[in-house]
Amino acid sequence: MNDIIQKLNILKKEKKAVVLAHIYQRPEIHDIADFVGDSLELSRQAAHTKADVIVFCGVHFMAETASILNPQKKVLIPDLEAGCPMADMITVEKLKEFKSKFKNPVVVSYVNTSAAVKAESDICCTSSNAVNVVKRVVETFGKNIDIIFTPDRNLGGYIQKVSGIKMNIWNGFCPTHNNFILPEYVKTAKNKYPKAEVLAHPECRPEVLGLADYALSTGGMCKHIKESSSKEFIICTETGILYKLQKDNPEKKFYPATNLSICPNMKKITLAKVYDVLVNMKNIVLVQDNIRKKAYLPISKMLEINA
């Protein structure tokens, strides 16, 4: 493994490349990345990088977002099959049909969507800044609007509950969070580790969020844990985050709500694939210019709003 890491480091310099990795990636990807973060942090890194080449270790919509923000740069994804089932639950055709049912539709799309869906949206959000984005929408457009939130029903329900702002929520979900992080697993973990704080991602079911001490994005979890006086945490999100949490907080203990919460698409990225795309400069992610220009605006609006 050390050999491939050395070769990668040389390649990155030669190609003027930066490796961006999502928190859910494999530990070895964390270790070779120039930056590890959540969707909002990665989008900001992609927007400001001076590198000529971006290797995006995440799923396809993330690489698309980087390409939209950097049309002059080459954006590579180590595995073209690393998709997002939740993003696939909403298409631009379905969104247009849904919008047609409302008098004054304003579309807020989770960043976990295709470029085409983003292009049909008014603003994007991440789980970090979703509540603030929806509040900004009301401030901007007034209360006499029909907010459409797509595609995650769990994140949408959480935003609605916290903000008190009514939305029309698309019935999509993240299979990893919705289907595998179940309330019975969280209850079992709480009984086993009674002193542990429970942190849950807003993509989890509402019953899971109801059992949590805090609902936080992955970046929010990292920040909270660093500042918290608690020494033990039950983590209700994809298990890839545990490596970073333990690395950044060696004196604290972390327990997954379940070991089943693995995103198979995030785990498709390997060191060998990162090396391969850099050597061969392949798997370039391109967005059609007409879609890219329309999608740029809702993404740039998202980047203006803090977590």
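The rules we used
Residues numbered from 1 in each chain as written. Predicted model: local features only at pLDDT ≥ 70, side-chain atom pairs only at ≥ 80, totals over all residues. Heavy atoms only, no water. Phe/Tyr/Trp six-rings, centres within 6.5 Å; stacked < 30°, edge-to-face > 60°. Helix = DSSP H or I, 4+ residues; strand = E, 2+ residues; numbered from the N terminus. Buried < 20%, exposed > 50% of the residue type's maximum accessible area, 1.4 Å probe, protein only. Salt bridge = Lys/Arg side-chain N within 4 Å of Asp/Glu carboxyl O. Patch = residues over 30% accessible without salt bridge, like charges linked within 9 Å, V, L, I, M, F, W, Y side chains within 5 Å. Areas by Shrake-Rupley, 256 points an atom, 1.4 Å probe, with all protein chains shown as cover. Pairing = 2+ DSSP bridges. 1 Å grid on protein atoms, 1.4 Å probe; cavity = no way out; pocket = protein on both sides within 12 Å on 5 of 7 lines; lining within 4 Å. Points joined across faces, edges and corners; volume = space filled by probe spheres on them. Nonpolar A, V, L, I, M, F, W, Y, C, P; charged D, E, K, R; others polar. Contact = heavy atoms within 4.5 Å. Disulfide = S-S within 2.5 Å.

Asker: Honestly, the packing of aromatic side chains in this entry has me stumped. Any pointers?
Answerer: By convention here, two paired aromatic rings are described through the distance between centres and the angle between planes. Applying the stated criterion across every chain yields a total of four aromatic pairs. With centroids separated by 5.4 Å and ring planes inclined at 85 degrees, the aromatic side chains of phenylalanine 98 and phenylalanine 102 adopt a geometry described as edge-to-face. Aromatic pair phenylalanine 98 and tryptophan 170: ring centres 5.3 Å apart, planes at 75 degrees, arrangement edge-to-face. Placement of the pair is phenylalanine 98 in helix 5 (residues 92-99) and tryptophan 170 in the loop between strand 8 (168-169) and helix 9 (175-180), with a sequence separation of 72 residues. Of the two residues, phenylalanine 98 and tryptophan 170, both sit in the buried class. A connected cluster of aromatic rings, assembled from ring pairs, spans Phe98, Phe102 and Trp170.

Asker: What exactly am I supposed to notice about the pattern of salt bridges here?
Answerer: Across all of its chains, the model carries 12 salt bridges by this definition. Residue aspartate 31 is joined to lysine 247 by a salt bridge in which the shortest nitrogen-to-oxygen separation is 3.0 Å. Of this pair, aspartate 31 sits in helix 2 (residues 27-32) while lysine 247 sits in helix 13 (residues 241-248), placing them 216 residues apart in sequence. In this structure, the salt-bridge partner of lysine 244 is aspartate 248, at a minimum N-O distance of 3.0 Å. Of this pair, lysine 244 and aspartate 248 both sit in helix 13, four residues apart, which is roughly one turn of that helix. Judged by relative accessible area, aspartate 248 falls into the partly exposed class, the value being 31%. Linked through salt bridges whose partners overlap, the residues forming this network are Asp289, Arg292 and Lys293.

Asker: Looking at this structure, I do not really get a nonpolar patch on the surface. What am I missing?
Answerer: A surface patch of nonpolar side chains, amounting to about 260 Å² of accessible area, comprises Phe180, Tyr185 and Leu260. By secondary structure assignment, the location of leucine 260 is in the loop between strand 12 (253-256) and helix 14 (271-280). Using a relative accessible area of 46% as the deciding quantity, one classes leucine 260 as partly exposed.

Asker: Looking at this model, I keep getting lost on the sheet that holds strand 6 (residues 123-125). Mind explaining?
Answerer: Either a parallel or an antiparallel arrangement is found when strands of a sheet pair, and the pairing is made through backbone hydrogen bonds. The parallel open sheet is built from four strands, whose spatial order is 6-5-7-8. Since the sheet does not close on itself, it has two edges, and those belong to strand 6 and strand 8, each with one partner. Sheet topology note: the strand 5 (residues 105-110)/strand 6 ladder contains three bridges and is parallel. What sits directly across from tyrosine 110, in strand 6, is cysteine 125.

Asker: What exactly am I supposed to notice about empty space enclosed by the protein here?
Answerer: Empty space left among the atoms is revealed by rolling a probe the size of a water molecule over them. One pass over the structure, following the stated rule, counts one cavity of 30 Å³ or more. Of the voids in this model, the largest cavity is the one considered here, and its volume is about 60 Å³. As for the largest cavity, its lining consists of Ser39, Leu42, Ser43, Ala46, Phe56, Phe61, Met62, Thr65, Ala66 and Val111. For the lining of the largest cavity, the elements supplying multiple residues, two or more each, are helix 3 (39-48) and helix 4 (60-69). Classifying every residue of the lining of the largest cavity by side-chain character gives seven nonpolar, three polar and no charged.

Asker: Whenever I open this one, the pairing of strand 5 confuses me. Can you help?
Answerer: The two faces of the sheet receive side chains in turn, since in a regular strand these alternate between them. The element strand 5 is largely enclosed, with a buried count of five among its six residues. When strand 5 meets strand 7 (residues 146-150), the two strands line up parallel, connected through five bridges. When the bridges of strand 7 are listed, valine 106 appears paired with isoleucine 147.

Asker: Explain the sheet that holds strand 11 (residues 232-236) to me, please; I cannot follow it from the model alone.
Answerer: The four strands lie next to each other as 10-9-11-12, forming an open sheet whose pairing is parallel. Among the strands making up the open sheet, the edge pair consists of strand 10 (214-215) and strand 12. Two strands pair when backbone bridges link them, and strand 9 (residues 197-200) and strand 11 are joined in this way by four bridges, in the parallel orientation. Paired with glutamate 197 across the strands is phenylalanine 233, a residue of strand 11.

Asker: Help me understand the environment of glycine 156, please; the structure alone is not making it clear to me.
Answerer: Examined against the element boundaries, glycine 156 turns out to sit in helix 8 (residues 153-163). Separated by 30 residues in the primary sequence, glycine 156 and valine 186 place their C-alpha atoms 21 Å from one another. Apart from the residues within four sequence positions on either side, glycine 156 is in contact with Phe149, Met167 and Ile169.

Asker: Help me out: how do you make sense of the state of the cysteines in this one?
Answerer: Cysteine pairs can be linked by a disulfide, which is a covalent bond between their two sulfur atoms. Tallied over the full model, the rule gives zero disulfides. Take cysteine 204: it sits in no disulfide, and the sulfur closest to it among the cysteines is that of cysteine 236, at 5.6 Å. For cysteine 204, a relative accessible area of 0% puts it in the buried group.

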